[in-house]
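Residue-level structural notes
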Amino acid sequence: HTERERETLQPNQLSREKLEGTKQPRLSSLSRLGSADRRAMSCCLLEFCRVQELRAVRDFLFPSLRPAADPAANSRSSAEKEVSWDDVDWGSWDDPDAAESAPAEEDGASQSTPWLQECAVSLSPCSDLMVLTRGQRAVFLSAKWRTADSGQEEMTLAVSWSGALSAEEGESVSSVICIPLASQKRSSTGRPDWTCIVVGFTSGYVRFYTESGVLLLAQLLNEDTVLQLKCRTYEIPRHPGVTEQHEELSILYPAALVTIDGFSLFQSLRACRNQVARAAAAGSDSVQPPPLAYKKWGLQDMDSIVDHSSVGIMTLCAFDQMKNASILGGFHATVKGSPPAMSQYITVGGGPYTGFYYAIEGSSQPLLSHVALAVASKLTSALFSAASGWLGWKNKHEEEPVQKQKPKVEPATPLAVRFGLPDSRRHGESICLSPCSTLAGVTDDFGRVTLLDVGRGVAIRMWKGYRDAQLGWVQVCESRGEAEAGGSPQFPRRHAQFLVIYAPRRGILEVWGTQHGPRVGAFTVGKHCRLLYPGYRLMGVNSVTSQGWQLPTQQVYLLDPASRAIRTITVPFHLALSDKKSERARDMHLQKRLNTLLRSRDIPPETLETEAKSILLDIKHPAIRKQALESLMSSKNASVSTLTVVTGALLDSLQEQEAEAVDEALLQLCTSQLSLLQLYTDIQTLNAQGAEQANPDSDTVEPGDGEMDSDLARLRPILQQYTELNSRPSVSFAQDPSGPLPVRSFLSQLECEGGVVRAVRGPDSDWTQLGSFLFWGCVCGESAPHRLCERLQAAGFSPQQLLSLCLSVWLSREREVLRTPQAESRLHSLLTALSNMTGVVEEEWDLQSVSPWWQQVRTACSQSESSGAALLAGLVGHRVAKSCINSLAKKKFEAECLSDSWEAVSLELEQWAVCLRQLEDTLALQTLLSLPSPRPPPGSTSTRVTVRALLEAGRGGVADSVAKWVFRQDLPPVLLREILQARGEGESLRQPPAEEEGGKEEGGEQKHQEGQEFQKAAGLLRSVCLRFPFSLSADLLSAQCCWEYVVQWNRDPEEGRFLSWSVEHLRMISNPHTQHGIAVMMWSTFIVKRFSAAAFLMEKVGKAPKDRLCRRDVGMGDGPLTSFLGSCTQVLQILMEADAGRDEVPPPALSVEEVWGGVEGPSSMLELALEQRSVHYPLVQHHALLAALLFAAMTFNIRPARPLGLFDSKGKNAFFKDLTSIQLLPSGDTDPGLVCLRQEFLLKVMSGWVQSLVEVGEEYPPPSPPGGEQWSALVLELAPPLQVNSDLLRRHLVCELYSQGLDRRAEEVMLEVEDREVLGSQLLVLTGQRLSYSLLHTQTRAGMELLARLPPVLCTWLKAMDPVELRCPSVPLSLTSRLVTRLIEMLPESHGQYSLALHLMEAVEALDTEP
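Residues numbered from 1 in each chain as written. Predicted model: local features only at pLDDT ≥ 70, side-chain atom pairs only at ≥ 80, totals over all residues. Heavy atoms only, no water.

1. Comments concerning the packing of aromatic side chains
All told, the structure shown has 25 aromatic pairs when counted by the stated rule. Taking the centre distance of 6.3 Å and the plane angle of 35° together, the rings of Tyr 358 and Phe 419 count as tilted. Of this pair, Tyr 358 sits in strand E16 (residues 354–360) while Phe 419 sits in strand E19 (residues 419–421), and the two are 61 residues apart along the sequence. Each member of the aromatic cluster is reached from another via a ring pair, and the members are Trp 1083, Phe 1091, Phe 1096, Phe 1207, Phe 1215 and Phe 1216. (Phe/Tyr/Trp six-rings, centres within 6.5 Å; stacked < 30°, edge-to-face > 60°. Helix = DSSP H or I, 4+ residues; strand = E, 2+ residues; numbered from the N terminus.)

2. Side note on the environment of Glu 952
Relative to the assigned elements, Glu 952 resides in helix H25 (residues 947–952). As for Glu 952 and Pro 1162, which are separated by 210 residues in sequence, their C-alpha atoms are 8.0 Å apart. Those residues in contact with Glu 952, other than ones at most four positions away along the chain, are Glu 1160, Gly 1161 and Pro 1162. (Contact = heavy atoms within 4.5 Å.)

3. Quick notes on the sheet that holds E19
Spatial ordering of the open sheet is given by E14-E15-E16-E19, a layout of 4 strands whose pairing is antiparallel. Of all the strands in the sheet, the pair left with one neighbour each is strand E14 (304–315) and E19. Across the sheet, the axes of successive neighbouring strands diverge by a mean angle of 20°, strand direction being ignored. Two elements, E14 and strand E15 (residues 341–350), share 10 bridges in a ladder whose sense is antiparallel. Note that in E15 the partner of Asp 307 across the bridge is Val 348. (Pairing = 2+ DSSP bridges. Axes fitted to C-alpha atoms, helices over the stretch in contact; angles between N-to-C directions.)

4. Quick word on unusual backbone geometry
Cis geometry is found at the peptide bond from Thr 514 to Gln 515, where omega equals 5°. Relative to the assigned elements, Gln 515 resides in the loop between strand E26 (508–513) and strand E27 (519–524). Cis geometry marks the peptide bond from Arg 1199 to Pro 1200, where omega comes out at -15°. Inspection of the secondary structure assignment puts Pro 1200 in the loop between helix H36 (1177–1196) and helix H37 (1209–1214). With a phi angle near 55°, Asp 468 is a residue other than glycine that sits in the positive phi range. Looking at where Asp 468 falls in the secondary structure, it is placed in the loop between strand E23 (458–463) and strand E24 (470–477). With a relative accessible area of 35%, Asp 468 lands in the partly exposed category. Positive phi values are uncommon outside glycine, yet Arg 564 reaches one of about 55°. (Buried < 20%, exposed > 50% of the residue type's maximum accessible area, 1.4 Å probe, protein only.)

5. A word on the sheet that holds E26
Reading across the sheet, the 4 strands line up as E24-E25-E26-E27 and stay open at both edges, with antiparallel pairing between neighbours. Every interior strand has two partners, whereas the edge strands, E24 and E27, have only one. Going across the sheet, the axis of each strand differs from the next one's by a mean of 20°, ignoring polarity.

6. Focus on empty space enclosed by the protein
Evaluation of the coordinates by the stated rule reveals 7 cavities of 30 Å³ or more. Volume-wise, the largest cavity comes out at about 70 Å³. Taken together, Leu 950, Gly 954, Arg 955, Gly 957, Val 958, Phe 1028, Ser 1031, Val 1152, Glu 1153, Trp 1156 and Val 1159 make up the full set of residues lining the largest cavity. Split by residue class, the lining of the largest cavity holds 6 nonpolar, 3 polar and 2 charged. (1 Å grid on protein atoms, 1.4 Å probe; cavity = no way out; pocket = protein on both sides within 12 Å on 5 of 7 lines; lining within 4 Å. Points joined across faces, edges and corners; volume = space filled by probe spheres on them. Nonpolar A, V, L, I, M, F, W, Y, C, P; charged D, E, K, R; others polar.)

7. Let's talk about the pairing of strand E7 (residues 192–201)
Side-chain direction in a regular strand flips from residue to residue, so the side chains alternate between the two faces of the sheet. Counted residue by residue, E7 has 8 buried out of 10 residues, so it is predominantly covered. The sheet contact formed by strand E6 (residues 173–182) and E7 spans 9 bridges and is antiparallel. Each residue of the ladder has a partner; that of Ala 182, found in E7, is Pro 192. Pairing analysis gives 4 bridges linking E7 to strand E8 (residues 205–209), with the strands arranged antiparallel. Each residue of the ladder has a partner; that of Gly 200, found in E8, is Val 206. Hairpin remark: E7 followed by E8, antiparallel, with 3 residues in the connecting loop; positive phi at Gly 204, about 100°.

8. Description of the side chain of Glu 1099
Tracing the sequence through the fold places Glu 1099 in helix H32 (residues 1072–1101). For the buried Glu 1099, which has no salt bridge, the nearest side chain bearing the opposite charge is Arg 1202, at an N-O separation of 4.9 Å. A polar side-chain atom of Glu 1099 sits 3.3 Å from the main-chain amide nitrogen of Gly 1205. In this view, Glu 1099 contacts Arg 1202, Pro 1203, Leu 1204 and Gly 1205; residues no more than four positions away in its chain are not counted. (Lys, Arg positive; Asp, Glu negative; His and termini not counted. Salt bridge = Lys/Arg side-chain N within 4 Å of Asp/Glu carboxyl O. Polar contact = N/O pair within 3.5 Å; in protein donor to acceptor, adjacent residues only side chain to side chain.)

9. Digging into the packing of helix H30 (residues 1034–1051) against helix H31 (residues 1056–1068)
Two numbers describe a pair of packed helices, the interaxial angle and the distance between the axes. In the contact formed by H30 and H31, the axes pass within 8 Å of each other and the chain directions differ by 160°. Classified by the interaxial angle, the pair formed by H30 and H31 is roughly antiparallel. Crossing geometry of H30 relative to H31 is assigned as left-handed. Together, Asp 1035, Ser 1038, Cys 1041, Cys 1042, Tyr 1045, Val 1046, Gln 1048 and Trp 1049 of H30 and Gly 1056, Phe 1058, Leu 1059, Trp 1061, Ser 1062, His 1065, Leu 1066 and Met 1068 of H31 make up the contact between the two elements. Within the contact of H30 with H31, the residues separate by chemical class into 10 nonpolar, 5 polar and 1 charged. (Parallel < 35°, antiparallel > 145°, perpendicular 65-115°, else oblique. Left-handed = near helix turned anticlockwise from the far one by under 90°.)

10. What to know about the confidence of the model for the protein chain
Taken residue by residue, the protein chain gives an average pLDDT of 80. The fraction at 70 or more is 79%. Residue range residues 363–403 is modelled with pLDDT below 50. Its contacts to residues more than four positions away, or to other chains, number 90 contacts. Counting contacts from residues 898–904, a segment whose pLDDT is below 50, to residues more than four positions away or on other chains yields 6 contacts. (pLDDT = per-residue confidence, 0-100.)

What follows is the structure in C-alpha cells.
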C-alpha cells in the first residue's frame, strides 16, 4: 500500500480502537470488574501521570513562542546564563484564574507548533525524572504526588531545576539521557538511589549532572557533535545459554563510537557525587575528578551515521565459525577451538543503509575469517585511556576564564564494517533495539519501518506509510497459572515482544506483534506527541542484587503536550498467540473473569446468576467451559438456586446444538450436577418437614427388644461414668460436622455417572459432615428413615456407602448421641430401613457364612475411638441383625431343616457376641483411661483405645495402656500393689499418706474429695482387671509399669523418682523369671551407659563431681546422680536374687482372654523378659560392688574417691560388659597396696556415715543404702569381697561412734568385735581425751582441785591428750564412767596400760562424786 492509502483508515475502525483510560464516572463494582476484564482482554493506553507547568517549560525553551503582551520577555537580556523561575513574568502560575484559562490557549499553541519534536527529551525508566532540552537550555521535572479533585493521590511531574547547560561558546545540547543509579544500601537493594543526567553537546563534550543541576564531571571524547547517547543495563538471562551482558554507556559521533564500561562509570559517578558533597560542605569550589576509562572506535565504510545500537557481547556458533573459515581460507584453513567473544554494534545512516560492526574482546590476533574483511582490529592500550580534558566545578555566577587550553583528544581505533544492508537511495533515521536484543526496528526517510533480525543480520519485515515514525518496544511475560503459583515451574515462562509505532503525521499509535504478528492495537492520539522508550533500567545492578527484581510496570511512554498527560501502553500476552490460540486465550480470560466474580463478596445473587450464565454461554471451548462450571460449583458464594439455573441454562444450550458438536463429557457433567442439586434440595426438604411428617411406625420398638433393654440397663452405670468423663467442654471450629453442609461440599464429595451416585471418601471431617447432612435428621427424629432411604436408593446410592456414612455420623458425634434421648431406638429404625434396601442381602446368601453387611458394622465399631457410641451401635446392630436373620431363616424353613437354620444363626450371633464383649471391655478400659490426672507429669497425654488397636497391640497392649495411665495418675507402687491385691474382694483402700495427714489440716475438704476420686479410680481399675484377668495379671502389669517409668526417666533423668519407682515395681514382680528378664533389659537398655559415664567421671576428677560436670557427662545433676547410683545398686541386687531363685520356680504361662484370642502384634514385656539369657552371677556381683562404692562416694562426698582404682586390671576390664557374658574376674590374693586403698576407702565411708548421724531423738535419719539396710552393715558386707579385715572396720566404727557421743550404738557394735584388747587400747585414748576436756578445758574449781590430787603420771598423760579430735567432747560423766568400766573389762591385768586405766576410773569416779 502507498502512504496515502495507509493514511486513509476507516473511521469506524479508529472509533473501535479509540483511546481508553480517560476519566469516567464511578461505576458499580460489577461495572468496574467488567472494565478491568476488558482491559485484560485487549491492548489499552492508560494515563500514567501529568506534567505541570508545561506551557512555562515551552516558553522557557522557545522564547519566540511567548505571548507578545509579556513585558518581561522584552526586557530580559539574551546573554544571561540562566532563567530564574521566581521572576514576575511567571507569576501567572500562581494565579488560579490564569491557570484555568491556560489549557485552552496552550492547546491552540501546542497544536499549531510542533515544539516538542524539536526538543531532546529523556524520561527515567523509574518515571521519577524527565529532562527537556533545546539549544543551551534545559528543564528538569521531578515526580511529585498531589491530591486530585476526586480525593485520590496521583503522580505529577513538576519543574525542579532549569537553566543553561552550555559551557563552551557556540555549543548546544544535542542529546540527553537519564540514568538511574541503584542504591547500595541493604535495605533498598535493587532500588534507585539517585538519577544522573548525561548530556551530549555539539562541541563533542559529554557532561554528567545531578538532579539539581550540579555538574559532576565533563569530558571531551571527540571533536564532533554528539549524535546519540544510549545506555545498556543488566538484564536477567531468561535461559541458561544466554550470555550475560555487561552495563555500558555508548556515545555516537558522526565517525566514531565511544563506549564506557557501566561498572567503572557507576563507581566514578558515585565518587564524584560524594566529592561534590564534601567540597560543598567544606566551602571549596572545585575537586579534581578521577580518570574514566573508555573505548573509542573509528567507524569506517559508511557514508553517514545518524543512530546506533550496542547489542552486547555475542559468540558465533561452531558451524558459522567453520563456514567462514572454509569460505575465506580454503580447504587448508584452521579454526580455533573456541569461538571468540565479540561486541556487536549496529548503525543506521547511508551507504550502506544499515551497518553491522564486530569488535573482538580480549584478542591480540585477529581470526582468519575477519582478516579478509578487516572487520576488527587489535585492542591496544590506546583503547583504554584516561581522559585529559577534565573540567572543574564552578559556581554558576562565576565568570568563565578568557582563555582556555583545548584538551587533548585520543585517536580512535579503526573498526571496519563487516556487512550491511546496502540501499543507495535509502537513508536510515533511527534504530530501536528490542529488550531481549534479538530484534531491532529501523526507520528511514522513505516512511518505512524495517524489522531486523540482529543475530542473522537480515530484514524480516517492513511496514510502509510511517513517515517520521517513532519506535518503542513492549515485552510481556506470560502469567503463571494457578497450578504453577504454588511452586517453581519446570520450564521458564514465555515472553512476547510487541513493536510500538507512533506516526505523528497521522496522529495514530499502533502496536504490532513480532515477528509476523498482526496489529493488536491502534489508538488515536495527537500529532505532536512524543514517544519515549528508554530501553534500559537501573545501572549498578548485578546478578546478586537482581534476585527477586520485578520488571518495570511501564516500558513505553507517550507524552501528549495537548493534555499534559503521560500515558503507558499495556498489552496482554495472549495477543501474541495465533488466532486459534487467541480464541482459547479469550476463553481463559472469561474463566478468570468468572473466578474474580465468584471471589467477590458484595455481588447480589441475582447479578451473580446473570453474569455467570452469560460467561458460561460465551465460552466456546468445552474444556474451558467445563473448568468454569467446576469453578462455579466449588464457589462458596453460589447458592443452590443459582447453580440450578446456570447449570440448567447450560444444559439447554448443549441440547439445542447438534449431537456431533456437543462434548459428551460436558453434557454428562451438567446432567449429573443437576441430579445432585435436585437431591440436595430434596434432602433439605425432608429434614425441614419435622418429626410430625415422619412415619409413626418407624420409631416403634419391636416386641423382642427387651433383650437390648436389659443389656442397656446392665451397661448403664459404666456408660454414665464414660459420659461424665467425656463431656468436658471443648473447642469447636467452623468446619464442625454439626454445621450445615454447603452445597459445594455436597457436590465435591459425590460423583454421579450412569444413574449411580458414589460418595468420594475424603478427610474424615468431610465424610462425617456429609453423613450428618443425610442421616442426622433421622437420629434426632426430624426425618422419616424409610422416606430418606427410598430417595437415596432412587438417586443411585450404594447401600454399603450409606451404611458407612450412617455409622460415621453416629460414631463421630458421640457426645450428642449419648445426650439424645431415644437415640438407640431411632438408630434401630434407621438400620432397619437401610437393611431392607435392595441389594443388601441376596436371596442366595448362605446362612452358614458371615454376612458382609453386618461385618461392615462390626468393623466400623471396632475401629472407632468413640467407645460409648460404638457399644450402642453394636447393641443395635446385633438386634437388627438377629431380626433379619430370623426372618430370612423363616423363609428358608420350608426347604431346609431346623438344624441348618440354627447353625447359621449361631455362627452369625457368635461373631456378634465376641464383638459385643470386646466393645464392653474397651469401654471399661477407655473409661479408666479418661480419668483426669490430679498431678499429671510433664509431657503426659491421655490415649484413646479401640478394639482394633488392642487386637493389633499384642498381648501386652492392655497392660501398656494401663501402665501409661498409672504414670499419668502419679500412683505410688505401694498403692498399686494394694489395689491389685484387693481385686475382687471389695475392700476399701487406705488413702495415700499425704492425704491421711492432710485430712485434719486446713484443706481437709479438698483432701477428702481427692480421696473419693482415688477410691473411684481404684474401683475402675479393679473392674478393668477383672475383665482382663490374664492381660492385667499382677506380674505383667508390674513389669509394664516398671518399663514405663524407666522410659519416662530416660526422657527426663533429672526425675530420679521415676527410676526409684521403676525399681519398686521391679521388686513387686513375684516370678523370678520375669523379674530377671525385666532387670536385664533395664540394665542393658537404659542404665549401663549412664552408669559407666558416672564411674569414669568420678575416676577422672577423684572425688564426687560437681553439678556442671555431672550434667555434661552423665546428663543429670549431682543430686539425681546420687539417687541413680542407689537405684543401680538395687537393680543389681534384685537381679542377683532373681537369678538365684529361677531354679526353684517354673516360668509363667502366657495366657490371654478367650474373646481376645485373635490378638496379634508385638511381643509383650512378659514375652520379651522370658527371652532374655541368663546372667553371669559373679559378673553381676562385681558390678554391684562397684555400684555400692560409687553410691557411697557420692553420698558422703569422699575425697579422694577413685572407685575404679580399687580394682586390678582384670576387674577393670570386666566392668560394663554384657551381664550375660562370661568375663575373666579377679581371683586369689590381691596386692597389699590395693587392699590398703580399699581399707582406707571403707573407713572413710564408716566415718562419713557416723558424721551424718544425729543425736538420738532427731526426726531425720541419715540417707540409708539400698534395701533399707544400715550403712555399717553394707560396708561390712563389702569387706570380704574386697579382702578387707571386717574386725578392723568394726573397731573403727566403735571409735567413731564414741567420738560422736553415740555410746549406746557403740556398745551394740562392740559386742561383735573380736580383738577386744586392741579396741581397749583405742578406747583408752578416747577416754583420756574426754577427761582432758572435762578437767583442763572447762577449768572448774572442782576440776582444778581434782587435777592437783591426781598422780603425776596420769596428770602428764592427760595434758598430752588433745580433745579436739573428738567430734562430741561434751559427754555426760555417767557415759564416760560406763566407758571406763567397759575399758577395764576389755584390758587384761598384764596389759601395760592397765594401771593407767585404773587411775582413770578413780579420776572419773571422783569427778562424778563432786557436787
